[in-house]
Amino acid sequence: LSNIKSVKKKVFKQIDERKEELVRLGSKIISMPTENPPGDTTELGKFLKDYIESKGLSANIYEPKKSMVNVVSSLKRENAQPHLILNHHMDHFPAGERSSWSFPPYCGDVVDGKIRGKGATDMKGGLTASLFAYTILGNFDEEMTGNLTIMFVPDEESAGPWGTRWLLDNVPEVRGSAVLNGEPSGIDNLAIGQKACFFIRLRTLGAAFHGSTSAWTMKDNAIAKMSSLIPIIQMLTRLTGEAPQELREVMATQKEWFRSSDQQGGADSLERVTINFGKIKGGTSALPNVVPEMCELDVDIRVPIGLTSRDVARVLQSEIAKVDRNVEYEVTQEIDPNWTSPNEKIVKLTVANVEEVTGKKPQLEISLWGSELPYFRVRGIPGVCYGPSPVPMGMSNEYVKIDELVTVAKVHAGTALDYVMGN
Ligand SMILES: [Zn+2]
């Protein structure tokens, strides 16, 4: 145990002393766009492999589909146990309109203690901190009985199959005994679970007529039919879930935390279904003079713990059937709510390391958004997310605070050491 302490002390010291290098690494990574779509990670993947190799460690590239580049590196070659996985995605949402940014989205510059640029929060900040921690731990691999693997994946923002899922199916090296992910949880929080991402597409059908005949053909107008479904879909937000015993205290405390930090919206969303009407399309004519034959609506439904996507689908389908029996219904993504027990070793060790590094016990939380941990959890691999502040995630003028990068690097390094050196 005293050996773990002394190694940890040396590792933390290196992180502090090499902070400039951490910042330069973050700037460089943020300056390499990996917008998804299209989600091309060729350049960044190559850079990460080269960086790891420049530290005397080995790394492999896997490209299951053109431009969908994954990078995997482990400190031990043999099947050493316990085996912690550090999992991070390289892609991010598009920067959008340049005019909504007050600086170039891929400048990666350093201003007021922040590295600025698209993807800084979600999740190149957490990725950089964890990578930095990993390469420093590479200097101490002889102290470890267990194994440590880091994986960088594409195709996360699109919930596609060519990143984490492909690696878990095809590369045994990433199937560890626990996983730590650097998604933005906020440095005072530790995400141990998440709501479901349930995406559906509804399609209403009409019949193409001349628009002037709408007085007697309105019932065949696909857009009008879809409009009448919107209030029905909105009613799903009345559905709430009942959390299992082991999460009740966590969720009650989290609700209080949301309220006390002025995030009533978070408190309201935690235990109930939320809806986003993400995209609608209908009609084919350039002019509005044809009754539309078809209308499609894409809906993002977030399902709380205690309900399943199937429960919500059942309610929705039966309510829709009451008004229109001919609505086509397609599930485009279905990940049920999922979590890791607060009693798991990886949770306890991360909590202890956050407390050691920040001086504060973290708030355990159920995340309102997704991560790739469900793909591990369905294989029985427990995991948590610990990364920098989630604000301003997905917005323009994104940045990550340098102090938070240092904190995340120490927490990932400290947790990894406790996990692979302890018993
Ligand atoms: Zn993310």
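All values derive from a computational prediction rather than experimental measurement. (Residues numbered from 1 in each chain as written. Predicted model: local features only at pLDDT ≥ 70, side-chain atom pairs only at ≥ 80, totals over all residues. Heavy atoms only, no water.)

K.L.:
Now, about the packing of aromatic side chains: what can you tell me, with residues and values included?
P.N.:
Taken as a whole and judged by the stated rule, the model has four aromatic pairs. Between phenylalanine 47 and tyrosine 51 the ring centres are 6.4 Å apart and the planes differ by 25 degrees, which places this aromatic pair in the stacked class. Taken together, the residues span about one helical turn, with phenylalanine 47 and tyrosine 51 both in helix 3 (residues 42-54) at a distance of four residues. Each member of the pair, phenylalanine 47 together with tyrosine 51, is buried. When the centroid spacing of 5.5 Å and the interplanar angle of 55 degrees are considered together, the rings of tryptophan 257 and phenylalanine 258 count as tilted. Judged by its relative accessible area of 6%, phenylalanine 258 falls in the buried class. Of note, lysine 345 hangs over the ring of tyrosine 419, and the distance from its end group to the ring centre comes to 4.5 Å. (Phe/Tyr/Trp six-rings, centres within 6.5 Å; stacked < 30°, edge-to-face > 60°. Helix = DSSP H or I, 4+ residues; strand = E, 2+ residues; numbered from the N terminus. Buried < 20%, exposed > 50% of the residue type's maximum accessible area, 1.4 Å probe, protein only. Lys NZ or Arg CZ within 6 Å of the ring centre and 35° of its normal.)

K.L.:
For the side chain of threonine 164, give the residues involved together with the corresponding values.
P.N.:
Along the chain, threonine 164 turns up in helix 5 (residues 164-170). Taking the relative accessible area as the measure of exposure, threonine 164 reaches 1% and is therefore buried. Excluding residues that lie within four positions of it along the chain, threonine 164 makes contacts with Asn87, Met151, Val153, Glu372, Tyr375 and Phe376. (Contact = heavy atoms within 4.5 Å.)

K.L.:
Provide a residue-level description of the sheet that holds strand 5 (residues 114-116), including the pertinent values.
P.N.:
Strand order in the open sheet formed by three strands is 4-5-16, and the pairing between neighbours is antiparallel. The open sheet has two free edges, formed respectively by strand 4 (110-111) and strand 16 (399-401), since each of these has just one partner strand. Sheet topology note: the strand 4/strand 5 ladder contains two bridges and is antiparallel. Within strand 5, the residue paired with valine 110 across the bridge is isoleucine 115. Sheet strands touched by helix 13 (residues 402-421): strand 4, strand 5 and strand 16. Its angle to strand 16, the strand with the most contacts, is close to 65 degrees. (Pairing = 2+ DSSP bridges. Axes fitted to C-alpha atoms, helices over the stretch in contact; angles between N-to-C directions.)

K.L.:
Describe the coordination of the zinc ion, with residues and values.
P.N.:
Only His89 (NE2), Asp122 (OD), Glu183 (OE) and Glu183 (OE) from the protein coordinate the zinc ion, and they sit 2.0 to 2.5 Å from it. Here the zinc ion is ringed by four donor atoms whose angles at the metal span 55 to 143 degrees, and the overall shape comes out irregular. Using a relative accessible area of 4% as the deciding quantity, one classes glutamate 183 as buried. (Donors = N, O, S within 2.8 Å, 3.2 Å for Na, K, Ca; no water. Tetrahedral: all angles 85-135°; square planar, octahedral: opposite > 155°, others 65-115°.)

K.L.:
Tell me about the pairing of strand 7 (residues 178-181), and name the residues and values.
P.N.:
Side chains of strand 7 alternate between two faces, with Ala178 and Leu180 and Val179 and Asn181 buried alike. Where strand 7 lies against strand 15 (residues 383-385), three bridges are found, and the strand directions are parallel. Bridge assignment links valine 179 to a residue of strand 15, and that residue is glycine 383.

K.L.:
Break down unusual backbone geometry for me, with residues and values.
P.N.:
A cis amide bond links asparagine 36 with the next residue in sequence, proline 37, at an omega value of 0 degrees. Along the chain, proline 37 turns up in the loop between helix 2 (19-30) and helix 3. Going from aspartate 122 to methionine 123, the amide bond is cis rather than trans, its omega being -10 degrees. Within the secondary structure, methionine 123 is located in helix 4 (residues 120-137). The backbone of serine 67 shows a phi angle near 75 degrees, a positive value even though the residue is not glycine.

K.L.:
Can you break down the sheet that holds strand 11 (residues 294-303) residue by residue, with the values?
P.N.:
The strands that make up a sheet pair up through hydrogen bonds in the backbone, lying either parallel or antiparallel. Spatial ordering of the open sheet is given by 10-11-9-12, a layout of four strands whose pairing is antiparallel. The open sheet has two edge strands, strand 10 (274-282) and strand 12 (328-335), and neither has a second partner. Ignoring which end each strand starts from, the neighbouring axes of this sheet average 15 degrees apart. Sheet analysis places strand 9 (residues 196-205) next to strand 11, joined by ten bridges and oriented antiparallel. The residue bridging isoleucine 200 from the neighbouring strand is valine 299, located in strand 11. Packing of helix 10 (residues 309-323) onto the sheet brings it into contact with strand 9, strand 11 and strand 12, and relative to strand 12 it is tilted by some 165 degrees.

K.L.:
I'd like a rundown of the packing of helix 4 against helix 13, residues and numbers included.
P.N.:
Running from N to C, helix 4 and helix 13 point in directions that differ by 45 degrees, and their axes come no closer than 8 Å. Relative to helix 13, the element helix 4 lies oblique. Crossing geometry of helix 4 relative to helix 13 is assigned as right-handed. Contacts from Gly125, Ala129, Ser130, Ala133 and Leu137 of helix 4 reach helix 13 at Leu405, Val408, Ala409, His412, Ala413, Ala416 and Leu417. (Parallel < 35°, antiparallel > 145°, perpendicular 65-115°, else oblique. Left-handed = near helix turned anticlockwise from the far one by under 90°.)

K.L.:
Before we move on, can you summarise the side chain of serine 73 with the specific residues and values?
P.N.:
Along the chain, the position of serine 73 falls in strand 2 (residues 68-74). Of the polar contacts made by the side chain of serine 73, one reaches the side chain of tyrosine 134; its length is 2.7 Å. If we skip the residues at most four places from it in the chain, serine 73 touches Ile52, Ser58, Ala59, Tyr134, Leu148, Thr149, Ile150 and Glu173. (Polar contact = N/O pair within 3.5 Å; in protein donor to acceptor, adjacent residues only side chain to side chain.)

K.L.:
Describe helix 8 (residues 245-260), and please don't skip the residues or the numbers.
P.N.:
End to end, helix 8 covers 24 Å across 16 residues, agreeing with the expected 22 Å (1.5 Å per residue, within 8%). Among the residues of helix 8, those classed as buried are Leu247, Val250, Met251, Gln254 and Phe258. All buried residues of helix 8 lie within an arc of 95 degrees about the axis, which places them on one face of the element. Exposed residues on helix 8 whose side chains face more than 90 degrees from its buried face are Gln245, Glu249 and Ser260. Elements that come into contact with the buried residues of helix 8 comprise strand 8 (189-194), helix 9 (264-270), strand 13 (338-339) and strand 14 (363-367). (Expected span 1.5 Å × (residues − 1). Arc of directions from axis to C-beta.)

K.L.:
Describe the nonpolar core, naming the residues involved and giving the relevant values.
P.N.:
Val11, Leu48, Leu84, Leu131, Leu137, Phe152 and Ile192 are the most contacted members of the largest nonpolar core, which totals 71 residues. Ranked by residue count, the leading element in this core is helix 13, at twelve residues. Once residues lying within four places of it in the same chain are set aside, the contact partners of leucine 48 are Ile29, Met90, Leu127, Leu131 and Phe152. Within the second largest apolar cluster, 22 residues are counted, among which are Met226, Leu229, Ile233 and Ala313. (Core = buried A, V, L, I, M, F, W, Y, C linked by side-chain atoms within 4.5 Å.)

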